[in-house]
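# Structural description and commentary
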Amino acid sequence: MGKKSRVKTQRSGTGPMATVSPKEMLSLISELLQKCSNPTSTPGKEWEEYLQIRGLVEKIRKKQKGLSVVFDGKREDYFPDLMNWASVNGASTEGFELVEFPGEGCGLKATRDIKAEELFLWVPRKMLMTVESAKNSILGPLYSQDRILQAMGNITLAFHLLCERADPNSFWLPYIMSLPSDYDTPLYFEEDDVQYLQSTQAIQDVYSQYKNTARQYAYFYKVIQTHPNANKLPLKDSFTFDDYRWAVSSVMTRQNQIPTEDGSRLTLALIPLWDMCNHTNGLITTGYNLEDDRCECVALQDFKEGEQIYIFYGTRSNAEFVIHNGFFFDNNSHDRVKIKLGVSKSDRLYAMKAEVLARAGIPTSSVFALHITEPPISAQLLAFLRVFCMNEDELKEHLLGEHAIDKIFTLGNSEFPVSWDNEVKLWTFLEARASLLLKTYKTSAEDDKCLLEQGDLTCHARMAIKLRLVEKEILGKAVKSATENRLHYTKQMEDDAPLPVYEESNLALLENSVADSKLPLILRNLDSDNDEQAEFKLHEAMALSEIREKGFLNGGDLLPNGTKPEKETVAREECQSETVEAKESPEAMEEVKIQL
């Protein structure tokens, strides 16, 4: 099952205290900022750039040794205080306890039988750390002046967390002291562990995550040292890379969306106690009760006394779990790999294909997914491939034919092929494309299985090898499925079998098709597209802030922070970033545990 962290015991004051002059540190910070200032990496040079950035970060970390704020003892030592604080402030604390589960980290254990759909956990708003509570905290004056904090609620939450951690009288201290001292996201991977992720679809996101974290840290280090409204922050004397990495990781693995008090929009929040729940397959069982102004969670299934209580994080792939949550989830029924496809503008039928795709609500170029389950392709991808492989006559039928609307409607339905020839072409194409993707891996599935049998792997290395193995398995299944379909439709074509014809009476069949075929289809923007939009958005935000050298940056060092915009306009300025991600996948914000 899923876990959020591998807890290590840390004690304050261990190791020699770092001694470094402010001038020397600022020089290193400026060098790091300069190195991270390019929004995109040179193709083929990503690993080299990652090592250079990592080298600078390690120099900074070495000089900052002993300066980070950590708590004595284990996080479990603070669980009684967390439960008492939760009880005093109106949260539910009966029916479960907080314990350490071997191999999964800390979670909730039932102390009595809990029935499926029983309301067993609620947390009132006043206990939540939100963007709004950050605005009303000591961070408020800086927030009101810094456009980056205003644009990225997740980073605001990270600094809110750091400021409250440094305040011995903070209302949230019982919660903060119960958080992990470190995490298993790739931000904490050793260089050798990251090597195991080479060739996986996660590697580019891992590079971006690390680069963006380093860039944000360098930027805000200068802000804290020079901005007038940062003078009163408790981070002024000590703000280490490890501090920032911890804060953004805490938010990245735990943040969620809740409605504002008036219910007019969404905001980001950390939800104490509830965020201790680990993940399993299932359905969303958490919502927000505006009437009682609290987060509520009902049981996903029956839980017997002594069993761990799980919740469902959403339909994330294992790549997303590894990158943003720091665990690999075995038997993930929502696992998938991305496949980027597009109609070439040099195709002589481009205009016609683009028009058919537009009528179906599908872009001419997008990132789709190959799924671990059958069928391996979605209705969207099936529709795209059918149009991609259409000849001129087939395109005309979908644009001008007597039943053109019906034909558009059935594009994503596996029961109604365009033609046997079209089906053969699309499955042949998919078979070849998935086979090529498989060849990009430097190791075979057998190699990975042998590695996993070794007992000396770090947990991070094991996680990385599992990820690349499952990606190969998904691609292998896609090749197998495509081959079988190609052979099936080739036989249909050879036998001159009649094509199924859509009629109004087929509506039920359409709605219950294996590949959900409701068209027009609107594809979600996937990560790669969001990255480009967000880089531009944050570059613009930085430019608008008109930061100068005497403030903390000169005009030539304007820094685009790598973030991902939200799908909802209201939430877009307050949610996802490469460094700080929601607990659920960015593609499934309608599926997050806080159902709105």
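Since the model is a prediction, treat every value here as computed from it, not as a measurement.

## Digging into the overall build of the protein
In terms of helices and strands, the protein carries 21 helices and 12 strands. Evaluated residue by residue, the protein yields a buried proportion of 56% over its 596 residues. Sequence separation of at least 24 residues holds for 77% of the intrachain contacts in the protein that already meet a minimum separation of 6. About 25,200 Å² of surface is accessible on the protein, with carbon and sulfur atoms providing 50% of the total.

## What about the packing of aromatic side chains?
To describe a pair of aromatic rings, you give the distance between the ring centres and the angle between the ring planes. With the rule as written, the count across this model stands at 27 aromatic pairs. On the basis of an interplanar angle of 45° and a centroid distance of 6.4 Å, the ring pair of Tyr210 and Phe241 is categorised as tilted. Of the two residues, Tyr210 sits in helix α10 (residues 203-226) while Phe241 sits in helix α11 (residues 241-254), which places them 31 residues apart along the sequence. For the pair shown, Tyr210 and Phe241 are each scored as buried. An aromatic cluster is defined as three or more aromatic residues linked by ring pairs; in this entry it consists of Trp47, Tyr50, Phe159, Tyr207, Tyr210, Tyr217, Tyr219, Phe220, Tyr221, Phe239, Phe241 and Tyr244.

## Things to note about the environment of Leu82
If you trace the backbone, Leu82 turns up in helix α3 (residues 79-88). Residue classification places Leu82 among the buried positions, given a relative accessible area of 0%. When the C-alpha positions of Leu82 and Ser178 are compared, they lie 7.0 Å apart, and in sequence the two are 96 residues distant. Sequence-distant contacts of Leu82, that is, excluding residues within four places in its chain, are made with Leu98, Pro174, Tyr175, Ser178 and Leu273.

## Here we look at the confidence of the model for the protein
Put simply, the protein has an average pLDDT of 83, and 81% of its residues get 70 or more. Taken as a whole, residues 1-16 scores under 50 in pLDDT and shows 62 contacts with residues more than four places along the chain or in a different chain. Across residues 505-596, where pLDDT falls below 50, the model places 275 contacts with residues more than four positions away in sequence or in other chains.

## Brief notes about helix α7 (residues 153-165)
Helix length check: α7 (13 residues) gives 18 Å between terminal C-alpha atoms against 18 Å at 1.5 Å per residue, within 8%. With 13 of 13 residues buried, α7 lies mostly within the body of the structure.

## A short note on helix α12 (residues 318-325)
Most of α12 sits out of view: eight of its eight residues are buried. Taken as a whole, α12 has its buried residues at Asn318, Ala319, Glu320, Phe321, Val322, Ile323, His324 and Asn325. Each element contacted by the buried residues of α12 is listed here: α10, α11, β7 (278-279), β11 (336-342) and α19 (459-494). In the stretch just after α12, Gly326 is the one whose phi turns positive, near 80°.

## Looking at the packing of helix α1 (residues 22-35) against helix α2 (residues 46-63)
For the pair α1 and α2, the least separation of the axes is 10 Å and the interaxial angle reads 160°. With respect to α2, the axis of α1 lies roughly antiparallel. For the pair α1 and α2, the sense of crossing is left-handed. Facing α1, whose interface residues are Glu24, Met25, Leu28, Ile29, Glu31, Leu32 and Lys35, α2 presents Glu49, Gln52, Ile53, Leu56, Val57, Lys59, Ile60 and Lys63. Along the lines of polarity and charge, the residues of the contact of α1 with α2 split into eight nonpolar, one polar and six charged.

## Section: a negative patch on the surface
A contiguous patch of negative charge, built from Asp113, Asp302, Glu305 and Glu307, is present on the exposed surface. One can find Glu307 in the loop between β9 (294-298) and β10 (308-311). When its relative accessible area of 33% is taken as the criterion, Glu307 is described as partly exposed.

## Here's the deal with the sheet that holds strand β6 (residues 266-270)
An order of β4-β6-β5 is seen for the three strands of this open sheet, with the pairing classed as antiparallel. Across the chains shown, the open sheet's two edge strands, defined by having one partner strand only, are β4 (129-130) and β5 (256-259). Where β5 meets β6, four bridges bridge the pair, whose relative direction is antiparallel. Pairing of Ile258 across the sheet is with Thr267, part of β6.

## Topic: the side chain of Asn318
On the secondary structure map, Asn318 appears in helix α12. The exposure class assigned to Asn318 is buried, which follows from its relative accessible area of 1%. A distance of 2.7 Å separates a polar atom in the side chain of Asn318 from the backbone nitrogen of Phe329. When near neighbours in sequence (up to four residues on either side) are disregarded, Asn318 contacts Phe328, Phe329, Asn332, Asp335 and Leu467.

## Quick notes on the nonpolar core
The nonpolar side chains of a soluble globular protein tend to be buried, and buried together. Residues Leu121, Phe159 and Phe239 are the most contacted members of the largest nonpolar core, which totals 109 residues. By residue number, the principal contributor to this core is α10, which donates 12 residues. In this structure, Ile362, Phe384, Ile474 and Val479 belong to the second largest nonpolar core, which totals 42 residues.

## Examining the pairing of strand β8 (residues 286-289)
Note on strand geometry: in a regular strand, side chains alternate between the two faces of the sheet. Side chains Thr286 and Tyr288 project from β8 onto one buried face, and the interleaved Gly287 and Asn289 project onto a second face that is buried too. Across four bridges, β8 lies against β9 in antiparallel orientation. Residue pairing across strands places Gly287 opposite Glu296, the latter belonging to β9. Connecting β8 to the next strand, β9, in antiparallel fashion are four residues, including Asp293 with a positive phi near 55°.

Procedures and definitions
- Just so you know, the residues in each chain are numbered from 1, in the order the chain's sequence is written.
- Note on the predicted model: pLDDT of at least 70 is required for a residue's local features to be given, and 80 or more for side-chain atom pairs to be given and counted; whole-chain, interface and lining totals, by contrast, use all residues.
- Note that the side-chain values use all heavy atoms of the structure and ignore hydrogens as well as water.
- Going along the chain from the N terminus, every DSSP run of H or I of four or more residues is numbered as a helix, and every run of E of two or more is numbered as a strand.
- Any residue under 20% of the maximum accessible area for its type is buried, any over 50% is exposed, and the rest in between are partly exposed; the area is computed with a 1.4 Å probe on protein chains only.
- Contacts are residue-level and defined by heavy atoms, with any inter-residue pair within 4.5 Å sufficient.
- Using a 1.4 Å probe, accessible areas were evaluated by the Shrake-Rupley method; residue-level cover was limited to the displayed protein chains.
- For this analysis, a ring pair means two rings from Phe, Tyr or Trp (six-membered ring only for Trp) whose centres lie within 6.5 Å, classed as stacked if their planes differ by under 30 degrees, edge-to-face if by over 60, and tilted for the remaining angles.
- As a per-residue quantity, pLDDT reports the predictor's confidence and falls between 0 and 100.
- Every helix has an expected span of 1.5 Å times one less than the residues it contains.
- Here an axis means a line fitted to C-alpha atoms, over the contact stretch when the element is a helix, while the angle between two N-to-C directions is reported on a 0 to 180 degree scale.
- If an angle is under 35 degrees, it is roughly parallel; if it is over 145, roughly antiparallel; if it lies from 65 to 115, roughly perpendicular; otherwise it is oblique.
- In this scheme the crossing of two helices becomes right-handed for a clockwise turn of the near helix relative to the far one and left-handed for an anticlockwise turn of less than a right angle.
- Under the scheme applied, nonpolar residues are Ala, Val, Leu, Ile, Met, Phe, Trp, Tyr, Cys and Pro; charged residues are Asp, Glu, Lys and Arg; polar residues are all the others, including Gly.
- Patches in this entry comprise residues that are over 30% relatively accessible and not in a salt bridge; like charges within 9 Å are linked, as are nonpolar side chains (Val, Leu, Ile, Met, Phe, Trp, Tyr) within 5 Å.
- Salt bridges are identified by distance alone: a Lys or Arg side-chain nitrogen within 4 Å of an Asp or Glu carboxyl oxygen.
- Counting rule for charge: Lys and Arg are taken as positive, Asp and Glu as negative, and neither His nor the chain ends is counted.
- Where a charge sits is defined by one atom per residue type, namely NZ (Lys), CZ (Arg), CG (Asp) or CD (Glu).
- The pairing criterion is simple: DSSP has to find at least two bridges between the two strands.
- Any pair of nitrogen or oxygen atoms within 3.5 Å is treated as a polar contact; in protein, a donor-acceptor pairing is required on top of that, and neighbouring residues in sequence qualify only through side-chain atoms on both sides.
- Working definition of a nonpolar core: buried Ala, Val, Leu, Ile, Met, Phe, Trp, Tyr and Cys residues. They are joined through side-chain atoms within 4.5 Å.

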